[in-house]
There are 2 protein chains.
Amino acid sequence: MLSKLIVEPGKSARLAERDPADQLGLGSKEEAEPRRLELLSELFALQDRLWAEARRSVLLVLQGMDTSGKDGTIRHVFTGLNPAAVADAAFKVPVGAEVEHDYLWRVHAVCPSRGEIGIFNRSHYEDIVTVRARQLQPKAVWSRRYRHVREFERMLVDEGTTILKVFLHISKEEQRERLQARLDEPDKRWKFKLGDLDTRKLWPDFLDAYEEAITETSTKWAPWYVVPADHKWVRNVAVASLLVDTLRALGPRFPAPAEDLTGVQVVY
Amino acid sequence: MLSKLIVEPGKSARLAERDPADQLGLGSKEEAEPRRLELLSELFALQDRLWAEARRSVLLVLQGMDTSGKDGTIRHVFTGLNPAAVADAAFKVPVGAEVEHDYLWRVHAVCPSRGEIGIFNRSHYEDIVTVRARQLQPKAVWSRRYRHVREFERMLVDEGTTILKVFLHISKEEQRERLQARLDEPDKRWKFKLGDLDTRKLWPDFLDAYEEAITETSTKWAPWYVVPADHKWVRNVAVASLLVDTLRALGPRFPAPAEDLTGVQVVY
């Protein structure tokens, strides 16, 4: 799974050539469901070891257009994990003390502790992609952030964090349907904002900005994965699978007891 | 003052060739005192503008051997400034959540806000110099931190912070006298720790570690200055002078009122 979705460091992300409706050979939604449950069960076991070990951390960065399924991915992949060992952070428009510091300040502050799996629902990539697509800052400002971000992530990795960056790739038509559903279905209407329609008009600008940002920041130490996200069941299996592969490669282990416990009995 | 004390980026710090007892042509302590007061007065005026402007920040990083005068420098250069606009952070041995994250996590968290002058009494350089001199981590760990630190500081500078790094340079004989004074004078004894004598035995290791760290991290965007610190009055004038030069170069200005106030009167 990892090798098909990765953006090879030094190569272009080629988003236009990646099909958002790809089913990754998973068959049907019904066939994929047991696969998802199996992955979650393994994820649960691996998380337990990572937490007990308390030496390293994992950081999942989720980016994607509006309605690409960032919230849904978190709900479907992380529900059932031990919340004590999950650090979830959602980044909205910066306010207050956040704007009084550099853009990485609020991000660094909520990076996962040793033993934790951190999830970034949006991230420092907004400070490149959104800033560029909305023309909030001149090119001189956002373009030098590629380097900042590569080096910031390098430091995190050197110091014990494994970073997994996922772009949830949906088609413009799929976004249309999902936005319409938010308008039509009473339980989803709370998620709809009129501003989303303005953002949708900037679709090509955001896509260009993502294309370049992913290309510039997919590194050996923190690669990007482009996950086809038109089918939610494909997306969920893909992200769970990426996480399991990442944790397996880390191979966390329960630590040995600090003292020799041979023959020790707990008495009444 | 800046040009004599700077460690030129790309060149060796050559600490052994820099005289800790250098008086920098300041004459005597008595002659230097009016100079210090003049500098503090200008610093006060410049700080006021930086704070009112609230766009940029200044960060003074103070490093040096035990007894080199980090605390004294802060007391003598910053007393009299508006404390609302000064952010002072002292870094001790990391504990708790600090060790559960990368070493820059606690440092980034207390970087100055826009408008502030930040002071680091010790800093992320302890994670290179002390870690190396005390052999707390293998070379593979501390040596890659040169790059982390250069890039971290580059990001801070790109995003609006001016960084001034000062190494307070004392001689081993001066340290002996100051440690002895801490033992002998009742008002200073609270500062003495027996561990300081063990650290003193590592003097050559710390000096080598500083020499290399300063050489590796004196950059165009965040240069190091080596301040002769055997004479406290020289040290105080030098640091105040470096700060004033830095702030003058920034040229902070009171912001224009947001609205046209011509003819506006405040009535009873």
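As shown above, the structure is provided for reference.
The paragraphs below set out a description of the structure included in this document.

What counts, and at which threshold
- Residue indices begin from 1 for each chain and proceed along its sequence in written order.
- Chain letters and ligand numbers both follow the written order, the letters beginning at A and the numbers at 1.
- Only residues with pLDDT of at least 70 are given local features in this predicted model, and only at 80 or more are side-chain atom pairs given and counted; all residues enter the totals for whole chains, interfaces and linings.
- Side-chain measures here rest on the full set of heavy atoms in the structure, leaving out hydrogens and waters.
- A residue counts toward the fit only if its pLDDT is at least 70 in both copies, and the copies are then superposed by least squares on the C-alpha atoms of those residues.
- Any pair of residues with heavy atoms lying within 4.5 Å of one another is described as a contacting pair.
- Salt bridge, as used here, is a side-chain nitrogen of Lys or Arg placed within 4 Å of a carboxyl oxygen of Asp or Glu.
- For the purposes of these results, a polar contact is taken to be a pair of N or O atoms within 3.5 Å, where, inside protein, one atom must be able to donate a hydrogen and its partner to accept one; residues adjacent in sequence count only when each atom of the pair is a side-chain atom.
- Secondary structure elements follow DSSP: runs of H or I no shorter than four residues count as helices, runs of E no shorter than two count as strands, and numbering proceeds from the N terminus.
- In this scheme, a residue with accessible area under 20% of its type's maximum is buried, one over 50% is exposed, and one in between is partly exposed, where area comes from a 1.4 Å probe on protein chains only.
- Should DSSP find at least two bridges between two strands, the strands are regarded as paired.
- Where helices are involved, their axes are fitted lines through C-alpha atoms of the stretch in contact, as for all axes, and angles between N-to-C directions lie from 0 to 180°.
- Planes of paired rings set the category: under 30 degrees apart is stacked, over 60 is edge-to-face and the rest tilted, where pairs are Phe, Tyr or Trp rings (Trp by its six-membered ring) whose centres lie within 6.5 Å.
- Over a ring means this: the NZ of a Lys or the CZ of an Arg is within 6 Å of the ring centre and within 35 degrees of the ring normal.
- To qualify as a nonpolar core, a set must consist of buried Ala, Val, Leu, Ile, Met, Phe, Trp, Tyr and Cys residues joined through side-chain atoms within 4.5 Å.
- Between the first and last residue of a helix there are one fewer steps than residues, each counted as 1.5 Å, and that sum is the expected span.
- Note that the arc is computed from the directions linking the helix axis to the C-beta atoms.

## So, the relation of the copies chain B and chain A
Right, so step 1: Rotating chain B by 180° about the axis while translating it 0.0 Å along that axis superimposes it on chain A, leaving an RMSD of 0.0 Å. In the structure described here, the two chain copies are related by an operation that fits a two-fold rotation axis.
Right, so step 2: Most of the interface of chain B is mirrored in chain A, where 100% of its interface residues again form contacts.

## Digging into the interface of chain B and chain A
Right, so step 1: Counting from both sides, the interface comprises 24 residues of chain B and, opposite them, 24 residues of chain A.
Right, so step 2: Linking chain B to chain A there are 6 salt bridges.
Right, so step 3: With a shortest N-O distance of 4.0 Å, Arg144 of chain B and Asp158 of chain A are connected by a salt bridge.
Right, so step 4: Counting across the interface, chain B meets chain A through 25 residue pairs in polar contact (both at pLDDT 80 or more).
Right, so step 5: Those elements that place two or more of their residues in the side of chain B that touches chain A are helix H4 (105-109) and helix H7 (145-158) of chain B.

## Considerations on the pairing of strand E5 (residues 224-228) of chain B
Residue and element names in this part refer to chain B.
Right, so step 1: The buried count for E5 comes to 5 of 5 residues, which makes it a mostly enclosed element.
Right, so step 2: With burial as the criterion, each face of E5 is covered, one bearing Trp224, Val226 and Pro228 and the other bearing Tyr225 and Val227.
Right, so step 3: Here 5 bridges tie strand E4 (residues 161-169) to E5, and the two strands are oriented parallel to one another. Looking at the pairing, Val166 lines up with Tyr225 of E5.

## Considerations on the side chain of His108 of chain B
Right, so step 1: By secondary structure assignment, the location of His108 of chain B is in helix H4.
Right, so step 2: Contact partners of His108 of chain B, with chain neighbours within four places excluded, come to Asp102, Leu104, Trp105 and His108 of chain A together with Phe152, Met155 and Leu156 of chain B.

## Thoughts on unusual backbone geometry
Right, so step 1: Positive phi outside glycine occurs at Thr67 of chain A, with the angle close to 70°.
Right, so step 2: Counting through the fold element by element, Thr67 of chain A comes out in the loop between strand E1 (57-64) and helix H3 (70-78).
Right, so step 3: The exposure class assigned to Thr67 of chain A is buried, which follows from its relative accessible area of 8%.
Right, so step 4: For Arg14 of chain B, which is not glycine, the phi dihedral falls at a positive 45°.
Right, so step 5: Assignment of secondary structure puts Arg14 of chain B in the loop between helix H1 (2-5) and helix H2 (29-53).

## A closer look at the sheet that holds strand E3 (residues 117-121) of chain B
Residue and element names in this part refer to chain B.
Right, so step 1: Taken together, the 5 strands give an open sheet; going across it, the order is E2-E3-E1-E4-E5, and neighbouring strands pair in parallel fashion. In this open sheet, the two edge strands, each paired with only one partner strand, are strand E2 (86-90) and E5. Strand-to-strand twist of the sheet, defined as the mean angle between neighbouring strand axes without regard to direction, takes the value 20°.

## Examining the packing of aromatic side chains
Right, so step 1: Overall, the coordinates contain 8 aromatic pairs over all chains when judged by the stated rule.
Right, so step 2: When the ring of Trp142 of chain A is compared with that of Tyr146 of chain A, the centres are 6.4 Å apart and the planes differ by 75°; the resulting orientation is edge-to-face. Of the two residues examined, Trp142 of chain A and Tyr146 of chain A, each falls in the buried class.
Right, so step 3: Residues Phe167 of chain B and Tyr210 of chain B carry aromatic rings whose centres are separated by 4.7 Å and whose planes lie at 50° to one another, so their mutual orientation is tilted. Separated by 43 residues along the polypeptide, Phe167 of chain B in strand E4 and Tyr210 of chain B in helix H10 (residues 203-217) bring together distant segments of the chain. Both residues of the pair, Phe167 of chain B and Tyr210 of chain B, count as buried.
Right, so step 4: Between Arg145 of chain A and the ring centre of Tyr103 of chain A, over which it is positioned, the NZ or CZ distance is 4.2 Å.

## Things to note about the nonpolar core
Right, so step 1: Grouped together as the largest cluster of nonpolar side chains are 146 residues, with contacts concentrated most on Leu60, Phe78 and Val166 of chain A together with Leu60, Phe78 and Val166 of chain B.
Right, so step 2: Here Val166 of chain B is in contact with Leu60, Val61, Leu62, Gln63, Trp224, Tyr225, Val227, Val239 and Leu242 of chain B, once residues within four sequence places are set aside.

## Things to note about the sheet that holds strand E5 (residues 224-228) of chain A
Residue and element names in this part refer to chain A.
Right, so step 1: Pairing within the open sheet is parallel, and its 5 strands lie in the order E2-E3-E1-E4-E5. In this open sheet, the two strands that pair with only one neighbour each are strand E2 (86-90) and E5. The average undirected angle you get between the axes of adjacent strands in this sheet is 20°.
Right, so step 2: Sheet topology note: the E1/strand E4 (residues 161-169) ladder contains 8 bridges and is parallel.

## Looking at the pattern of salt bridges
Right, so step 1: Tallied over the entire structure, the rule returns 45 salt bridges over all chains.
Right, so step 2: The closest approach of N and O atoms between Glu159 of chain B and Arg145 of chain A, which form a salt bridge, is 2.9 Å. Remark: Arg145 of chain A occurs in helix H7 (residues 145-158) and Glu159 of chain B occurs in the loop between H7 and E4; the pair is interchain, linking two chains. Arg145 of chain A matches Glu159 of chain B in its accessibility class, with the two residues each being buried.
Right, so step 3: The shortest N-O distance in the salt bridge between Glu216 of chain B and Arg150 of chain B comes to 3.4 Å. Note that Glu216 of chain B is positioned in helix H10 and Arg150 of chain B in helix H7, a separation of 66 residues in sequence.
Right, so step 4: Residues participating in the shared-partner salt-bridge network are Glu42, Asp245 and Arg248 of chain A.

## Notes on helix H10 (residues 203-217) of chain A
A turn of α-helix holds 3.6 residues, and therefore any two residues three or four places apart point the same way.
All names here are of chain A.
Right, so step 1: Under the 1.5 Å per step criterion, the end-to-end length of H10 is 21 Å for 15 residues, consistent within 8% with the ideal 21 Å.
Right, so step 2: Considered for burial, the residues of H10 that qualify are Trp203, Phe206, Ala209, Tyr210, Ala213, Ile214 and Thr217. Viewed end-on, H10 has its buried residues packed into an arc of 130°, placing them on one side of the element.

Don't take any of this as a statement about function, it's just geometry.
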